[in-house]
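# Report on the structure
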Amino acid sequence: MKTVIMAGGKGTRIASVASDIPKPMIPLCGKPILEYQIGCLKRNHLTDIIMIVGHLGHIIKEHFGDGSNFGCAISYYTETEPLGTAGALYKIKESLSDDFLLIHGDIIFDIDFSRFINFHCTRKGLTPAWATLAVHPNSHPYDSALLVTDADNRVIQWLNKEDTRRYYKNQVNAGLHILSKAMLSAVTPLSEKVDLDRDILKPLLAAGNIYAYPSPEYIKDMGTPDRYAQVSADIENGMVSRRNLSVKQRAVFLDRDGTINKLNGFITKPEAFKLIDGAAEAIRKINNAGYLAIVITNQPVIARGEASLEELDLIHRKMETELGKAGAYVDDIFFCPHHPDKGFPGERPEYKIDCECRKPKPGMIFQAAKKYNINLAQSYMVGDDGRDVEAGLAAGCTPVRLNNTGLAGFVETVFEEKRKADG
Ligand SMILES: [Zn+2]
(Lines give C-alpha, C1' and ligand atoms only; values in the text may rest on other atoms or scores of the structure.)
Protein backbone atom coordinates (compact mmCIF):
# COMPACT_ATOMS: atom_id res chain seq x y z
CA MET A 1 0.00 0.00 0.00
CA LYS A 2 1.33 3.43 -0.92
CA THR A 3 1.32 6.36 1.47
CA VAL A 4 0.68 9.95 0.45
CA ILE A 5 1.82 12.63 2.87
CA MET A 6 0.33 16.10 2.40
CA ALA A 7 3.36 18.18 3.31
CA GLY A 8 2.48 21.44 1.61
CA GLY A 9 0.82 23.43 4.39
CA LYS A 10 2.01 26.89 5.31
CA GLY A 11 1.51 26.64 9.04
CA THR A 12 0.59 30.22 9.80
CA ARG A 13 -0.96 29.53 13.21
CA ILE A 14 2.25 28.10 14.56
CA ALA A 15 4.49 30.83 13.11
CA SER A 16 5.52 31.79 16.64
CA VAL A 17 7.39 28.49 16.94
CA ALA A 18 8.99 28.46 13.50
CA SER A 19 8.16 30.37 10.35
CA ASP A 20 10.98 29.93 7.85
CA ILE A 21 10.46 26.20 7.38
CA PRO A 22 7.44 24.25 6.13
CA LYS A 23 5.14 23.15 8.94
CA PRO A 24 5.92 19.40 8.57
CA MET A 25 9.62 20.22 9.12
CA ILE A 26 9.04 21.87 12.50
CA PRO A 27 11.40 20.12 14.92
CA LEU A 28 10.08 18.31 17.98
CA CYS A 29 12.73 17.17 20.44
CA GLY A 30 15.30 17.77 17.71
CA LYS A 31 13.56 15.92 14.84
CA PRO A 32 11.10 17.20 12.23
CA ILE A 33 7.49 16.00 12.40
CA LEU A 34 7.91 14.23 9.04
CA GLU A 35 10.72 12.08 10.45
CA TYR A 36 8.42 10.78 13.19
CA GLN A 37 5.78 10.03 10.58
CA ILE A 38 8.22 8.20 8.31
CA GLY A 39 9.67 6.32 11.29
CA CYS A 40 6.23 5.00 12.27
CA LEU A 41 5.38 4.12 8.65
CA LYS A 42 8.64 2.23 8.31
CA ARG A 43 8.03 0.23 11.50
CA ASN A 44 4.72 -0.77 9.86
CA HIS A 45 6.49 -1.76 6.60
CA LEU A 46 4.83 1.12 4.73
CA THR A 47 7.91 2.29 2.90
CA ASP A 48 6.54 3.45 -0.45
CA ILE A 49 5.84 7.15 0.06
CA ILE A 50 4.73 10.03 -2.11
CA MET A 51 5.07 13.49 -0.62
CA ILE A 52 2.96 16.37 -1.86
CA VAL A 53 5.03 19.50 -1.33
CA GLY A 54 4.47 23.14 -2.11
CA HIS A 55 5.49 26.17 -0.11
CA LEU A 56 9.22 25.79 0.78
CA GLY A 57 9.07 22.22 -0.52
CA HIS A 58 12.75 22.26 -1.52
CA ILE A 59 13.65 22.11 2.19
CA ILE A 60 11.76 18.83 2.50
CA LYS A 61 13.29 17.39 -0.67
CA GLU A 62 16.81 18.30 0.45
CA HIS A 63 16.27 16.69 3.84
CA PHE A 64 14.73 13.39 2.73
CA GLY A 65 16.03 12.98 -0.84
CA ASP A 66 14.92 9.63 -2.30
CA GLY A 67 14.31 8.29 1.20
CA SER A 68 17.16 5.77 1.16
CA ASN A 69 18.76 7.32 4.27
CA PHE A 70 15.45 6.77 6.06
CA GLY A 71 14.82 3.19 4.97
CA CYS A 72 12.06 3.98 2.50
CA ALA A 73 11.43 5.13 -1.07
CA ILE A 74 10.14 8.70 -1.43
CA SER A 75 8.94 10.46 -4.54
CA TYR A 76 7.52 13.98 -4.74
CA TYR A 77 4.76 15.91 -6.38
CA THR A 78 5.25 19.67 -6.25
CA GLU A 79 2.21 21.91 -6.31
CA THR A 80 2.94 25.16 -8.09
CA GLU A 81 -0.44 26.46 -6.92
CA PRO A 82 -2.08 25.19 -3.72
CA LEU A 83 -4.52 22.42 -4.79
CA GLY A 84 -6.38 21.99 -1.50
CA THR A 85 -6.29 18.82 0.57
CA ALA A 86 -7.01 16.46 -2.33
CA GLY A 87 -6.34 18.19 -5.67
CA ALA A 88 -2.89 16.64 -5.97
CA LEU A 89 -4.38 13.14 -5.64
CA TYR A 90 -5.95 13.59 -9.08
CA LYS A 91 -2.56 14.62 -10.49
CA ILE A 92 -0.82 11.50 -9.18
CA LYS A 93 -3.73 9.09 -9.52
CA GLU A 94 -1.88 6.78 -11.92
CA SER A 95 0.93 6.21 -9.41
CA LEU A 96 -1.38 5.36 -6.49
CA SER A 97 -2.19 1.84 -5.29
CA ASP A 98 -5.89 0.81 -5.38
CA ASP A 99 -6.09 1.62 -1.68
CA PHE A 100 -3.64 4.13 -0.26
CA LEU A 101 -2.95 5.96 2.97
CA LEU A 102 -3.36 9.71 3.11
CA ILE A 103 -1.71 11.52 6.00
CA HIS A 104 -1.64 15.21 6.90
CA GLY A 105 1.97 16.30 7.31
CA ASP A 106 1.41 18.17 10.57
CA ILE A 107 0.35 15.40 12.92
CA ILE A 108 2.30 13.24 15.31
CA PHE A 109 1.06 9.67 15.53
CA ASP A 110 2.20 6.25 16.55
CA ILE A 111 -0.35 3.65 15.56
CA ASP A 112 -0.55 0.00 14.64
CA PHE A 113 -1.33 0.40 10.92
CA SER A 114 -1.98 -3.32 10.44
CA ARG A 115 -5.16 -2.96 12.55
CA PHE A 116 -6.26 0.11 10.60
CA ILE A 117 -5.66 -1.51 7.20
CA ASN A 118 -7.30 -4.75 8.28
CA PHE A 119 -10.37 -2.82 9.46
CA HIS A 120 -10.62 -1.07 6.08
CA CYS A 121 -10.16 -4.25 4.06
CA THR A 122 -12.80 -6.18 5.99
CA ARG A 123 -15.60 -3.58 5.57
CA LYS A 124 -17.97 -5.17 3.13
CA GLY A 125 -20.85 -2.90 2.20
CA LEU A 126 -22.56 -3.01 -1.16
CA THR A 127 -19.13 -2.26 -2.58
CA PRO A 128 -15.78 -2.47 -0.76
CA ALA A 129 -15.01 0.49 1.50
CA TRP A 130 -14.18 3.64 -0.45
CA ALA A 131 -12.59 5.31 2.52
CA THR A 132 -11.84 4.72 6.18
CA LEU A 133 -11.03 7.65 8.44
CA ALA A 134 -9.23 7.18 11.74
CA VAL A 135 -11.29 8.80 14.50
CA HIS A 136 -10.70 9.34 18.19
CA PRO A 137 -12.16 11.12 21.19
CA ASN A 138 -10.48 14.43 21.97
CA SER A 139 -10.50 16.87 24.88
CA HIS A 140 -12.47 19.56 23.01
CA PRO A 141 -15.28 17.83 21.09
CA TYR A 142 -17.55 20.88 21.55
CA ASP A 143 -15.49 22.87 19.04
CA SER A 144 -14.46 19.99 16.74
CA ALA A 145 -16.16 18.53 13.69
CA LEU A 146 -17.64 15.15 14.67
CA LEU A 147 -18.37 12.02 12.68
CA VAL A 148 -21.59 10.17 13.45
CA THR A 149 -21.50 6.44 12.70
CA ASP A 150 -23.95 3.55 12.68
CA ALA A 151 -23.47 0.22 14.45
CA ASP A 152 -21.21 -1.00 11.61
CA ASN A 153 -18.96 2.07 11.91
CA ARG A 154 -20.33 3.51 8.69
CA VAL A 155 -20.18 7.31 8.68
CA ILE A 156 -23.75 8.57 8.36
CA GLN A 157 -23.35 12.21 9.29
CA TRP A 158 -20.66 14.86 9.41
CA LEU A 159 -21.36 17.43 12.12
CA ASN A 160 -19.50 20.69 11.73
CA LYS A 161 -18.85 22.97 14.70
CA GLU A 162 -21.60 25.32 13.51
CA ASP A 163 -24.22 22.57 13.27
CA THR A 164 -26.69 22.24 16.14
CA ARG A 165 -25.98 19.17 18.14
CA ARG A 166 -27.23 18.22 21.55
CA TYR A 167 -25.85 14.88 22.65
CA TYR A 168 -23.05 13.46 20.56
CA LYS A 169 -20.43 10.76 20.59
CA ASN A 170 -16.94 12.18 20.99
CA GLN A 171 -15.60 11.03 17.63
CA VAL A 172 -13.26 13.38 15.83
CA ASN A 173 -11.52 12.97 12.48
CA ALA A 174 -7.86 12.35 13.36
CA GLY A 175 -6.25 13.15 9.97
CA LEU A 176 -5.23 9.62 8.92
CA HIS A 177 -7.19 8.11 6.03
CA ILE A 178 -7.23 5.04 3.87
CA LEU A 179 -8.72 6.02 0.52
CA SER A 180 -9.37 4.18 -2.70
CA LYS A 181 -8.73 5.14 -6.29
CA ALA A 182 -12.30 3.98 -7.00
CA MET A 183 -13.55 6.77 -4.74
CA LEU A 184 -11.50 9.38 -6.58
CA SER A 185 -12.99 8.13 -9.85
CA ALA A 186 -16.50 8.46 -8.45
CA VAL A 187 -16.07 12.22 -8.17
CA THR A 188 -15.37 14.64 -10.99
CA PRO A 189 -13.86 17.73 -9.39
CA LEU A 190 -15.19 21.07 -10.56
CA SER A 191 -11.77 22.68 -10.38
CA GLU A 192 -8.12 21.75 -9.84
CA LYS A 193 -8.39 22.76 -6.21
CA VAL A 194 -10.19 20.03 -4.26
CA ASP A 195 -11.08 19.85 -0.59
CA LEU A 196 -11.14 16.23 0.58
CA ASP A 197 -13.85 16.70 3.21
CA ARG A 198 -16.10 19.17 1.44
CA ASP A 199 -15.81 18.03 -2.17
CA ILE A 200 -15.33 14.26 -1.84
CA LEU A 201 -16.11 12.66 1.50
CA LYS A 202 -19.23 14.57 2.55
CA PRO A 203 -21.04 14.25 -0.81
CA LEU A 204 -20.23 10.51 -0.84
CA LEU A 205 -21.54 9.71 2.66
CA ALA A 206 -24.95 8.83 1.29
CA ALA A 207 -23.42 6.06 -0.84
CA GLY A 208 -22.77 4.24 2.45
CA ASN A 209 -19.23 2.97 2.10
CA ILE A 210 -17.23 5.49 4.06
CA TYR A 211 -16.20 4.19 7.46
CA ALA A 212 -14.67 5.44 10.67
CA TYR A 213 -11.97 3.50 12.50
CA PRO A 214 -11.98 4.36 16.20
CA SER A 215 -8.57 4.22 17.82
CA PRO A 216 -7.33 5.30 21.25
CA GLU A 217 -3.74 5.55 19.96
CA TYR A 218 -1.73 8.76 19.99
CA ILE A 219 -2.64 11.05 17.09
CA LYS A 220 -2.31 14.82 17.58
CA ASP A 221 -2.07 17.73 15.20
CA MET A 222 0.32 20.58 15.68
CA GLY A 223 -2.25 23.30 15.09
CA THR A 224 -1.29 25.64 17.92
CA PRO A 225 1.83 26.47 19.99
CA ASP A 226 0.08 24.98 23.06
CA ARG A 227 -0.30 21.63 21.42
CA TYR A 228 3.30 21.83 20.19
CA ALA A 229 4.50 22.02 23.81
CA GLN A 230 2.21 19.18 24.88
CA VAL A 231 3.29 16.88 22.06
CA SER A 232 6.99 17.58 22.77
CA ALA A 233 6.42 16.57 26.40
CA ASP A 234 4.51 13.45 25.32
CA ILE A 235 7.36 12.36 23.03
CA GLU A 236 9.85 12.81 25.85
CA ASN A 237 7.86 10.93 28.48
CA GLY A 238 7.11 8.04 26.13
CA MET A 239 3.35 8.63 25.91
CA VAL A 240 3.34 8.73 22.09
CA SER A 241 4.84 5.28 21.57
CA ARG A 242 3.16 3.71 24.62
CA ARG A 243 -0.34 4.18 23.18
CA ASN A 244 0.42 2.10 20.06
CA LEU A 245 -1.96 -0.88 20.29
CA SER A 246 0.79 -3.33 19.40
CA VAL A 247 2.12 -2.50 22.90
CA LYS A 248 0.32 -3.79 26.02
CA GLN A 249 -2.03 -1.08 27.32
CA ARG A 250 -3.08 -0.11 30.83
CA ALA A 251 -6.67 0.75 31.62
CA VAL A 252 -8.94 2.06 34.32
CA PHE A 253 -12.24 0.22 33.92
CA LEU A 254 -15.06 2.35 35.24
CA ASP A 255 -18.44 1.30 36.48
CA ARG A 256 -21.09 3.81 35.37
CA ASP A 257 -24.04 4.28 37.78
CA GLY A 258 -22.80 5.54 41.15
CA THR A 259 -19.27 5.96 39.82
CA ILE A 260 -19.54 8.41 36.88
CA ASN A 261 -23.17 9.49 37.27
CA LYS A 262 -25.35 9.96 40.32
CA LEU A 263 -27.50 7.04 41.42
CA ASN A 264 -31.04 7.80 40.39
CA GLY A 265 -32.94 4.52 40.22
CA PHE A 266 -32.65 2.76 36.89
CA ILE A 267 -31.68 5.39 34.35
CA THR A 268 -33.89 5.07 31.29
CA LYS A 269 -33.84 8.64 29.94
CA PRO A 270 -31.00 11.09 29.33
CA GLU A 271 -32.68 13.66 31.63
CA ALA A 272 -32.08 11.34 34.58
CA PHE A 273 -28.35 11.13 33.87
CA LYS A 274 -26.25 13.58 35.93
CA LEU A 275 -22.49 13.46 36.38
CA ILE A 276 -21.13 13.13 39.92
CA ASP A 277 -19.17 16.24 40.94
CA GLY A 278 -15.48 15.71 40.28
CA ALA A 279 -15.97 12.62 38.08
CA ALA A 280 -15.16 14.40 34.80
CA GLU A 281 -12.04 15.94 36.32
CA ALA A 282 -10.95 12.51 37.59
CA ILE A 283 -11.48 10.93 34.15
CA ARG A 284 -9.49 13.76 32.56
CA LYS A 285 -6.57 12.86 34.85
CA ILE A 286 -6.88 9.22 33.82
CA ASN A 287 -6.83 10.34 30.14
CA ASN A 288 -3.75 12.49 30.69
CA ALA A 289 -1.95 9.71 32.52
CA GLY A 290 -2.08 7.61 29.34
CA TYR A 291 -4.46 4.97 30.73
CA LEU A 292 -7.45 3.87 28.71
CA ALA A 293 -10.72 4.91 30.38
CA ILE A 294 -13.26 2.20 29.61
CA VAL A 295 -16.80 2.02 30.95
CA ILE A 296 -17.98 -1.43 32.09
CA THR A 297 -21.64 -1.29 33.05
CA ASN A 298 -24.58 -3.60 33.72
CA GLN A 299 -27.68 -2.19 32.03
CA PRO A 300 -30.53 -4.60 32.80
CA VAL A 301 -32.94 -1.81 31.76
CA ILE A 302 -32.64 -3.32 28.27
CA ALA A 303 -33.69 -6.83 29.37
CA ARG A 304 -36.42 -5.35 31.57
CA GLY A 305 -37.83 -3.49 28.57
CA GLU A 306 -37.44 -0.13 30.35
CA ALA A 307 -35.11 1.39 27.79
CA SER A 308 -34.34 0.56 24.18
CA LEU A 309 -30.82 0.24 22.79
CA GLU A 310 -31.39 3.61 21.09
CA GLU A 311 -32.31 5.23 24.41
CA LEU A 312 -29.25 3.74 26.08
CA ASP A 313 -27.14 5.09 23.22
CA LEU A 314 -28.62 8.54 23.77
CA ILE A 315 -27.82 8.34 27.49
CA HIS A 316 -24.23 7.44 26.62
CA ARG A 317 -24.03 10.29 24.15
CA LYS A 318 -25.14 12.62 26.91
CA MET A 319 -22.40 11.20 29.11
CA GLU A 320 -19.78 11.79 26.40
CA THR A 321 -21.08 15.29 25.75
CA GLU A 322 -20.99 16.26 29.43
CA LEU A 323 -17.53 14.75 29.95
CA GLY A 324 -16.31 16.51 26.81
CA LYS A 325 -17.30 19.89 28.21
CA ALA A 326 -14.81 19.22 31.00
CA GLY A 327 -12.07 18.06 28.59
CA ALA A 328 -12.54 14.39 29.53
CA TYR A 329 -13.46 11.35 27.47
CA VAL A 330 -13.96 7.61 27.70
CA ASP A 331 -12.21 5.39 25.17
CA ASP A 332 -15.01 2.83 24.92
CA ILE A 333 -18.22 1.70 26.59
CA PHE A 334 -19.08 -1.96 27.22
CA PHE A 335 -22.52 -2.71 28.58
CA CYS A 336 -24.37 -5.87 29.52
CA PRO A 337 -28.01 -5.68 28.37
CA HIS A 338 -28.95 -8.96 30.06
CA HIS A 339 -30.66 -10.03 33.24
CA PRO A 340 -31.12 -13.61 34.44
CA ASP A 341 -34.53 -13.52 36.19
CA LYS A 342 -37.46 -14.13 33.87
CA GLY A 343 -41.16 -13.47 34.34
CA PHE A 344 -41.73 -9.72 34.55
CA PRO A 345 -44.23 -7.76 32.46
CA GLY A 346 -42.71 -5.88 29.51
CA GLU A 347 -39.40 -7.73 29.61
CA ARG A 348 -37.48 -8.68 26.47
CA PRO A 349 -37.02 -12.46 26.66
CA GLU A 350 -34.06 -12.49 24.24
CA TYR A 351 -32.01 -10.63 26.87
CA LYS A 352 -33.24 -12.68 29.81
CA ILE A 353 -30.30 -15.04 29.91
CA ASP A 354 -27.57 -15.99 32.30
CA CYS A 355 -24.78 -14.36 30.31
CA GLU A 356 -21.02 -14.19 30.67
CA CYS A 357 -20.89 -10.39 30.68
CA ARG A 358 -23.02 -9.28 33.62
CA LYS A 359 -20.84 -8.20 36.54
CA PRO A 360 -19.73 -9.81 38.88
CA LYS A 361 -18.59 -11.92 35.93
CA PRO A 362 -15.51 -10.52 34.21
CA GLY A 363 -16.74 -11.02 30.61
CA MET A 364 -16.85 -7.36 29.59
CA ILE A 365 -13.38 -6.73 31.01
CA PHE A 366 -12.04 -9.68 29.02
CA GLN A 367 -13.71 -8.35 25.84
CA ALA A 368 -12.10 -4.96 26.35
CA ALA A 369 -8.72 -6.51 27.12
CA LYS A 370 -8.85 -8.48 23.88
CA LYS A 371 -9.97 -5.51 21.80
CA TYR A 372 -7.30 -3.14 23.14
CA ASN A 373 -4.42 -5.47 24.04
CA ILE A 374 -4.68 -4.60 27.73
CA ASN A 375 -2.42 -5.89 30.48
CA LEU A 376 -5.03 -6.62 33.16
CA ALA A 377 -2.48 -6.95 35.96
CA GLN A 378 -1.56 -3.29 35.43
CA SER A 379 -5.17 -2.12 35.25
CA TYR A 380 -7.90 -1.13 37.71
CA MET A 381 -11.60 -1.94 37.97
CA VAL A 382 -13.28 0.88 39.86
CA GLY A 383 -16.86 0.95 41.10
CA ASP A 384 -19.23 1.61 43.97
CA ASP A 385 -20.55 -1.93 44.24
CA GLY A 386 -19.28 -5.30 45.45
CA ARG A 387 -19.95 -6.72 41.98
CA ASP A 388 -17.39 -4.34 40.50
CA VAL A 389 -14.79 -5.59 42.96
CA GLU A 390 -15.62 -9.23 42.22
CA ALA A 391 -15.45 -8.67 38.46
CA GLY A 392 -12.13 -6.86 38.79
CA LEU A 393 -10.67 -9.64 40.94
CA ALA A 394 -11.91 -12.33 38.56
CA ALA A 395 -10.29 -10.49 35.64
CA GLY A 396 -6.97 -10.09 37.44
CA CYS A 397 -7.14 -6.29 37.81
CA THR A 398 -6.64 -4.23 40.93
CA PRO A 399 -10.22 -3.81 42.18
CA VAL A 400 -11.18 -0.56 43.86
CA ARG A 401 -14.43 -0.04 45.72
CA LEU A 402 -15.14 3.65 45.96
CA ASN A 403 -15.80 5.25 49.32
CA ASN A 404 -17.47 8.62 49.88
CA THR A 405 -14.63 10.49 48.12
CA GLY A 406 -15.71 8.81 44.86
CA LEU A 407 -13.75 8.67 41.64
CA ALA A 408 -11.93 11.91 42.49
CA GLY A 409 -10.69 10.32 45.72
CA PHE A 410 -9.54 7.20 43.90
CA VAL A 411 -7.54 9.22 41.37
CA GLU A 412 -5.95 11.33 44.10
CA THR A 413 -5.10 8.62 46.59
CA VAL A 414 -4.69 5.29 44.78
CA PHE A 415 -4.10 6.08 41.12
CA GLU A 416 -1.70 9.00 41.26
CA GLU A 417 0.32 7.53 44.15
CA LYS A 418 0.76 4.28 42.25
CA ARG A 419 1.66 6.13 39.09
CA LYS A 420 4.32 8.18 40.82
CA ALA A 421 5.74 5.04 42.43
CA ASP A 422 5.93 3.41 38.99
CA GLY A 423 7.68 6.45 37.55
ZN1 LIG B 1 -24.62 -9.88 29.71
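In this text the structure is predicted, and so the values were computed from the model without any measurement.

What follows is about helix α1 (residues 33-43). Summarising burial for α1: 8 of the 11 residues are buried, a large majority. Along α1, the positions that sit buried rather than exposed are I33, L34, E35, Y36, Q37, I38, C40 and L41. Where α1 ends, the next residue or the one after it, H45, has phi of about 60°, a positive value.

A separate point is unusual backbone geometry. Cis geometry is adopted by the peptide bond preceding P360, which originates at K359 and carries an omega value of 20°. Non-glycine residue N153 carries a positive phi angle of around 70°. At N373, a position not held by glycine, the phi torsion is positive, near 55°. Residue classification places N373 among the buried positions, given a relative accessible area of 17%.

Here the focus is helix α7 (residues 225-236). Between its terminal C-alpha atoms α7 stretches 17 Å, which fits the 16 Å expected from 12 residues at 1.5 Å a residue. Along its buried surface, α7 packs onto β2 (27-28), α1, β7 (107-110), β13 (218-221) and α8 (239-242). Note on α7: the residue one or two positions beyond its end, G238, has a positive phi of about 85°.

Each value, and the rule that gives it
- Residues numbered from 1 in each chain as written.
- Predicted model: local features only at pLDDT ≥ 70, side-chain atom pairs only at ≥ 80, totals over all residues.
- Heavy atoms only, no water.
- Buried < 20%, exposed > 50% of the residue type's maximum accessible area, 1.4 Å probe, protein only.
- Helix = DSSP H or I, 4+ residues; strand = E, 2+ residues; numbered from the N terminus.
- Expected span 1.5 Å × (residues − 1).
- Contact = heavy atoms within 4.5 Å.

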